[in-house]
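# Topology and contacts: notes
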Amino acid sequence: MKAFGYVAAKDVGHAVALLGEHGARAKVLAGGTDLLVELKFAAHGLKIVVDISRLAELKGISIIDEGLRIGALATHADIMRSPIIGDMFPALADAAHSIGAVQTRNLGTLGGNLITCVPSMDSGPTLMALDAQVTYADGRGHSQVPLAELFVAPRKTSLGPDGLLTAIIIPKANFAKPAAFQKFGLRKGQALALVNAAAAFWVDQDKNSFVQPRIALGAVAPTVIRAPRAEAFLEGKAITDEVMAEAGRIAATEAKPISDFRASAGYRRDLIAVLTKRALQSAYARASNKVRESVP
Amino acid sequence: MIDVTIVVNGETRRASVPPETTLLKLLRENFSLTGAKLGCDVGDCGACTVIVDGMAVNSCLMLAGQANGRSVTTIEGLATRDRLHPIQKAFEDNGALQCGFCGPGAIMATKALFDENSDPNVKDIRDALSGSLCRCTGYTKMIEAVQDAARILRAEAAAKPRQLELSK
Amino acid sequence: MADEPKVLERERPVVDEALLRANTDQNLPAVARRESVPDTLVPQARQQTGAVGQRVTRTDARQHGLGQTRYIDDLSLPRMLYARIKRAGIASARIKRIDTSAAEAMPGVMAVLVGSEIPVNSFGPMLQDQPVLADPIVRHAGDGVAAVAAVTEQIANEALEKIVVEYEPLPAVFDPVEAMRDDAHKVHAPASNIYISKVIRKGDVAKGFAKSDHVFEGRFSTQMVEHAPIEPHAAIADWDANGRLTVWATNGRITLARSDLARTLMLPLNRIRAIGTIVGGSFGGKNEISQEPVLALLSKKTGRPVKGVFTRTEEFIATTTRHPFVMEYKTGVTKDGRILARSVQLTLDGGAYCSWTETALGKACILAAGPYRIDNIHCEARAIYTNKTMAGAFRGFGAPQVCFAYESQMDDIAKALGIDPLEIRLRNVFAEGSPSPTGQVLHSVVVKESLLQAAARFGWEARS
C-alpha cells in the first residue's frame with residue numbers, strides 16, 4: 001500500500017473534525033475489511049486514515065425510546081450473536097451471516113457495509129424492509145434520515161466529506177415485524193450477491209392477509225431499492241403461494257439488473273422473482289411460528 | 001511512523017512502523033513470526049488468519065494501528081515445548097495438511113471456533129472454515145481433523161479434577 | 001549357479017557387535033539390527049505389498065502444523081532487495097519506448113531492468129518462444145515489460161508506476177478457432193498460430209461409421225482455469241563472489257530451471273545452483289521459470305540478494321493456466337451402444353506461449369477416445385496461439401478436458417438409445433489386455449470392477 005498517516009480518533013467530534021480538515025484525503029477506518037482492499041488496489045492519494053474502531057459511543061445494540069439502535073460499529077458477528085436481534089429480527093442475523101466469512105464478519109461493521117454503498121450490499125435490503133433510519137454526525141451536528149436517503153449511487157452516499165455514520169435505528173412500530181432475507185451468490189460462502197431480497201409484513205390474523213408489506217432488492221439497481229408496485233399488490237391480499245409468486249414477478253419488473261460476467265440481466269430477473277417469493281414465504285413461516293408460540 | 005504495543009502469544013512486543021503496515025506484515029517482518037502467510041492480501045484466502053482479542057481475523061486486513069494495545073495469538077503460540085496442540089496433532093494425523101500453506105490459518109480458525117463452541121457440528125465447522133481456502137486437501141480431512149480435535153479437547157476438559165467439589 | 005553367493009548377502013557389511021548395544025549415556029539409538037532381505041524385490045502385478053493399506057502420516061505435516069515450514073517468502077537474506085515486475089496491461093502491442101529514468105532516480109530503487117538487457121531473451125520447456133521480459137513484442141496483458149529492485153516492496157511498487165512505456169497497439173486474437181484462420185493476427189509472426197499438431201490413427205473410422213447403427217456428433221468446450229495455489233510464485237536470487245548464482249524458487253523442475261537460467265543468462269550450467277524449496281501448492285503451475293532470470297539480473301546489478309513474490313493478480317495473469325479446449329466428437333455405435341468408431345478433433349487454446357502445451361496435447365490425444373474398447377479411432381489435435389495468458393501444465397495435462405467431452409457424449413448416447421448410463425459404459429470399457437488407442441496393451445485393468453463397486457456403494461440401483 002502507498003503511505004498514509006494514521007490517527008486513532010478520541011471521540012466522534014474528533015473524528016468529524018479530522019474528516020472536515022482533510023476532506024477527500026481522509027478515510028474512515030471502522031473494520032477495515034473494505035477500506036484496506038480499496039487502499040491496496042487504488043491509487044488512493046490518501047493523506048490520513050481516521051481510526052474510529054475503538055469509539056465506544058458507536059458500538060452496542062440496545063433498545064431506546066425510538067426503537068432498536070444498532071451502533072455503526074456493530075460488527076456482523078455482533079449482530080449474529082445479539083439476543084435482541086435474534087429474538088426480534090432474525091432476518092438481520094441471517095443477512096449478517098451471509099457476508100464474507102468468519103474472519104471478515106469479526107471485523108466488518110454494519111456502518112461500514114452501508115457506507116461502502118455497493119448495490120449488492122447484504123445489510124441494506126432487510127434494514128430497508130424494516131423502515132430503518134440512520135443517524136450521522138458532521139460539522140453541522142447530528143442528523144437522522146431514512147436509510148433510503150443515504151444511498152445515492154454505487155459507492156456514493158449522501159454524506160459529505162466530514163460525515164460520520166453513527167447508528168442505525170429500526171422504529172419501535174416494527175419491533176418483531178416478521179421479515180426474511182434471501183441471497184443468491186455463485187458460492188455458499190464468501191460470495192457477492194447476484195441478487196438479494198428482503199421482505200417484511202404483518203399478518204392480519206382474521207383475514208390472513210398482508211399488512212404493510214415491504215420488499216427491498218439489492219444488486220439489481222444502482223442502489224438498494226424498494227419494490228413499491230409489488231408492495232401495493234400485496235397490501236390486503238390473502239396470503240397464498242400464488243400471490244407471493246405474483247409479487248415476485250412484479251418485483252422483477254421494478255428492477256434494472258445489469259448483465260455482467262457473473263450473470264445476465266435475464267437470469268437476475270428470474271432470481272428476483274424467486275428470491276422475493278421465498279423471502280415472503282420465509283417471513284410468513286416466521287409469522288406463523290410466532291402465532292403458534294403465543295397460543296397456549 | 002506509529003508506535004504499537006501488542007501482546008503476541010503472551011509476550012509484550014513493541015514496534016515502530018509506517019502507518020500503512022498491516023498486522024500481517026508486522027508479525028512476519030518485525031516480529032519474525034512467519035507462520036501466518038500472505039496468500040492473497042485481500043482477506044479471501046484466510047492464510048493470514050490470527051486471533052485478535054479472541055476473534056479470528058484476516059491479519060492482512062488489519063492495520064498495525066488497529067491492533068495496537070490488543071492481544072494476538074498466532075500459530076506459533078499454540079504448541080508448547082512439551083506438546084503439540086490437539087488441533088495441530090489432529091490435522092497431522094488426519095492428513096489435513098498437504099502443502100501446508102493454508103494450515104496455520106485453518107488451525108487458528110479452528111482454535112477460534114473451539115474457544116466459542118466446544119461441540120461444533122459439521123455445519124458449524126464448515127462455517128468456521130469457510131474463510132480458509134485450501135487447494136490441496138478438498139476439506140474433508142480438515143473437517144474430520146476438527147471433529148477429532150474437538151473430541152480430544154472435550155475429553156481433556158472432562159478429565160480435569162473438579163476443583164469445586166474438592167474444596168468443600 | 002546355486003553356489004554363487006547372492007549379491008545382497010555378499011555386500012552386506014560385518015556389523016561390529018559393540019555398535020549393536022545402545023549407548024545409554026548419550027541416549028543414542030541402537031544401530032539397526034540386520035533384517036533379512038526378501039528373496040525377490042520385484043513386485044508382482046496385482047499383488048499387494050505389505051506397505052499398501054498402512055496408515056502413514058506425511059513427514060512434513062509436523063512442521064506444517066507448527067507453522068515452522070519455511071516457504072520462500074519466509075526466507076530472508078542480509079541486505080535483500082524486493083523486486084516487482086511491470087505488466088503490460090495490453091494484450092498485443094509493440095513497445096516503442098521504455099523510459100525508466102524516473103524510477104531509477106527514486107531513493108531506494110537499486111536497479112531497473114528491461115527486456116533488451118536479457119542476454120538471451122527466450123526460454124521454454126519445448127519451444128523457447130517466451131521472453132523473460134517482452135522486447136519488443138507484447139503478446140498478452142500479463143507479459144512483463146520491465147522490473148525494479150528496491151529496498152522495500154512499497155518503493156518497488158511505486159517505482160513501477162514511474163516507468164513509462166509507450167505502446168503501439170497491434171491487432172489481437174482471443175478465440176482459438178478464429179486464430180486458425182489465414183487472415184487472423186499472427187501472435188508469433190510470421191509463424192502460423194497453429195504451432196503443434198498431432199494425429200492418432202487406429203483402424204479405419206470411415207468403415208467404422210459405415211457399419212454403425214447410429215452416429216452421434218457433439219461439440220464440447222472447457223474454460224481456462226488457474227491453479228491458484230495458496231502460495232504465490234516466489235524466488236530469491238543471489239550471487240557469490242565467484243560468479244555463481246544461487247536461486248531459491250517455488251519451482252518443481254529445477255534441472256529445467258538451471259537449463260533455462262543457463263540459456264537466458266548465458267551462464268555455464270555449473271555456475272548455477274537451483275534450490276527447489278517446499279512449495280505451497282503447484283499443481284503444475286510452478287513447472288518452469290518465470291521471474292528467476294529477472295531476479296538474477298537485478299541481483300547481479302545490485303550485488304545484493306533479490307526476492308520476488310507474485311501478487312495474486314499476477315498469479316492469474318502472468319502464470320500458466322489450464323488449456324481451454326474446443327472438442328468435436330463424432331462417435332459411431334451399434335444399437336446396443338457398442339462404440340465402433342470415434343473421431344475427435346481437439347483445438348487447444350495455448351495462449352501466448354508454448355510452455356508445456358506439447359505434453360498436454362499429446363496426452364489429450366491419447367486419452368481422447370476414453371477408457372473404451374474402440375477398434376477405429378482418429379484423433380487430431382492442434383494447439384493455437386492467442387493473445388491470452390499462456391496455458392501450460394495443470395494436473396491432468398489435457399485429460400480432464402477430454403474426459404468431460406467423452407463422458408458427456410456417453411450420457412447423450414445412453415439417453416438417445418434408452419440404455420442405462422452405467423450399463424453402456426460396462427459394455428464398452430477396457431478389460432484386461434485391451435489395447436490403448438496407441439497400441440499399448442493394458443494390464444491391471446479394473447475399470448469394470450471399480451464401476452460396479454462404486455455403483456453398489458452409492459446405491460445406483462436405488463435411483464428414481
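Just so we're clear, the structure is a prediction, and the values are computed from it rather than from any experiment. (Residues numbered from 1 in each chain as written. Chains lettered and ligands numbered in written order. Predicted model: local features only at pLDDT ≥ 70, side-chain atom pairs only at ≥ 80, totals over all residues.)

## Observations regarding the nonpolar core
- Ranked by size, the top nonpolar core spans 209 residues in total, and within it A:Ala198, A:Ala199, A:Ala251, A:Ile272, C:Ala83 and C:Ala149 carry the most contacts.
- The dominant element in this core, judged by the number of residues it contributes, is helix α12 (residues 265-294) of chain A, at 9 residues.
- Those residues within four positions of A:Ala199 in sequence are excluded, and the remaining contacts are A:Ala129, A:Ala179, A:Ala180, A:Arg214, A:Ile215, A:Thr276, A:Ala279, A:Leu280 and A:Ala283.
- Core analysis: the next-biggest nonpolar cluster, separate from the first, contains 49 residues, C:Val187, C:Leu361, C:Ala368 and C:Ala381 among them. (Core = buried A, V, L, I, M, F, W, Y, C linked by C-beta atoms within 7 Å. Buried ≥ 20, exposed ≤ 12 C-beta atoms within 10 Å, placed from the backbone. Helix = DSSP H or I, 4+ residues; strand = E, 2+ residues; numbered from the N terminus. Contact = placed C-beta atoms within 7 Å.)

## Describing the sheet that holds strand β5 (residues 67-71) of chain A
Residues and elements named next belong to chain A.
- The sheet built from 5 strands is open, its strands ordered β4-β5-β10-β6-β7 with antiparallel pairing. For this open sheet the edge positions go to β4 (61-63) and β7 (141-146), each flanked by a neighbour on one side alone. When the angles between neighbouring strand axes are averaged without regard to direction, this sheet yields 25 degrees.
- Looking at chain direction, β4 and β5 are connected through 3 bridges and run antiparallel. Along β5, the bridge assignment pairs Ser62 with Arg69.
- The sheet contacts of helix α1 (residues 12-22) involve β6 (133-138) and β10 (164-171), and relative to β10 the element is tilted by about 125 degrees. (Pairing = 2+ DSSP bridges. Axes fitted to C-alpha atoms, helices over the stretch in contact; angles between N-to-C directions.)

## Let's talk about helix α11 (residues 241-253) of chain A
- The end-to-end C-alpha separation of α11(A) is 19 Å, in line with the 18 Å expected for 13 residues at 1.5 Å each.
- For α11(A), the set of buried residues is A:Met244, A:Ala247, A:Gly248, A:Ile250, A:Ala251 and A:Ala252. (Expected span 1.5 Å × (residues − 1).)

## Some words on the packing of helix α13 (residues 421-428) of chain C against helix α14 (residues 447-457) of chain C
Residue and element names in this part refer to chain C.
- Here α13 crosses α14 at 160 degrees, and the two axes come no closer than 10 Å. Regarding the angle of α13 to α14, the classification is roughly antiparallel. Our pair here, α13 against α14, has a crossing hand that is left-handed. Where α13 approaches α14, its residues Leu422, Arg425 and Leu426 are matched on the opposing element by Lys448, Leu451 and Ala455.
- By residue class, the composition of the contact of α13 with α14 is 4 nonpolar, no polar and 2 charged. (Parallel < 35°, antiparallel > 145°, perpendicular 65-115°, else oblique. Left-handed = near helix turned anticlockwise from the far one by under 90°. Nonpolar A, V, L, I, M, F, W, Y, C, P; charged D, E, K, R; others polar.)

## Here's the deal with the interface of chain B and chain A
- Taken together, the contact between chain B and chain A spans 24 residues of the former and 24 residues of the latter.
- The set of elements that each furnish at least two residues to the side of chain B that touches chain A consists of β4 (55-58), α2 (64-67) and α5 (122-129) of chain B.
- Partitioned by chemical class, the residues of the side of chain B that touches chain A number 12 nonpolar, 8 polar and 4 charged.

## Points about the pairing of β10(A)
All names here are of chain A.
- Counting buried positions over the 8 residues of β10 gives 6, a clear majority of the element.
- The sheet contact formed by β5 and β10 spans 5 bridges and is antiparallel. Paired with Gly71 across the strands is Ala167, a residue of β10.
- Across 5 bridges, the pairing between β6 and β10 is antiparallel. Each residue of the ladder has a partner; that of Val134, found in β10, is Ile168.

## A short note on the interface of chain B and chain C
- Between chain B and chain C, the contact holds 27 residues from the first and 22 residues from the second.
- Counting residues per element, the ones that place at least two in the side of chain B that touches chain C are α3 (86-93) and α4 (103-116) of chain B.
- Examining the composition of the side of chain B that touches chain C, we find that 4 residues originate from one element, α3(B), more than from any other.
- Of the residues assigned to the side of chain B that touches chain C, the class counts are 16 nonpolar, 6 polar and 5 charged.

## Digging into the domain arrangement of chain A
All names here are of chain A.
- When cut into domains, chain A gives domain 1 (5-51), domain 2 (56-173) and domain 3 (177-290).
- Using C-alpha coordinates to define each centre, domain 2 is positioned 20 Å away from domain 3.
- Listed by contribution, the elements that provide at least two residues to the side of domain 2 that touches domain 3 are α5 (90-97), α8 (124-129) and β8 (151-153).
- When residues of the side of domain 2 that touches domain 3 are assigned to their parent elements, the largest contribution, 5 residues, is made by α8.
- Broken down by class, the residue content of the side of domain 2 that touches domain 3 amounts to 13 nonpolar, 5 polar and 2 charged. (Domains from an automatic or database assignment.)

## Regarding the environment of C:Met224
Residue and element names in this part refer to chain C.
- If you trace the backbone, Met224 turns up in the loop between β8 (214-221) and β9 (225-226).
- Judged by the 15 C-beta atoms lying within 10 Å of it, Met224 is partly exposed.
- Sequence separation of Met224 and Lys388 is 164 residues, and the distance between their C-alpha atoms is 10.0 Å.
- Not counting residues up to four positions away in its chain, the partners in contact with Met224 are Thr321, Arg322, Pro324 and Ala391.

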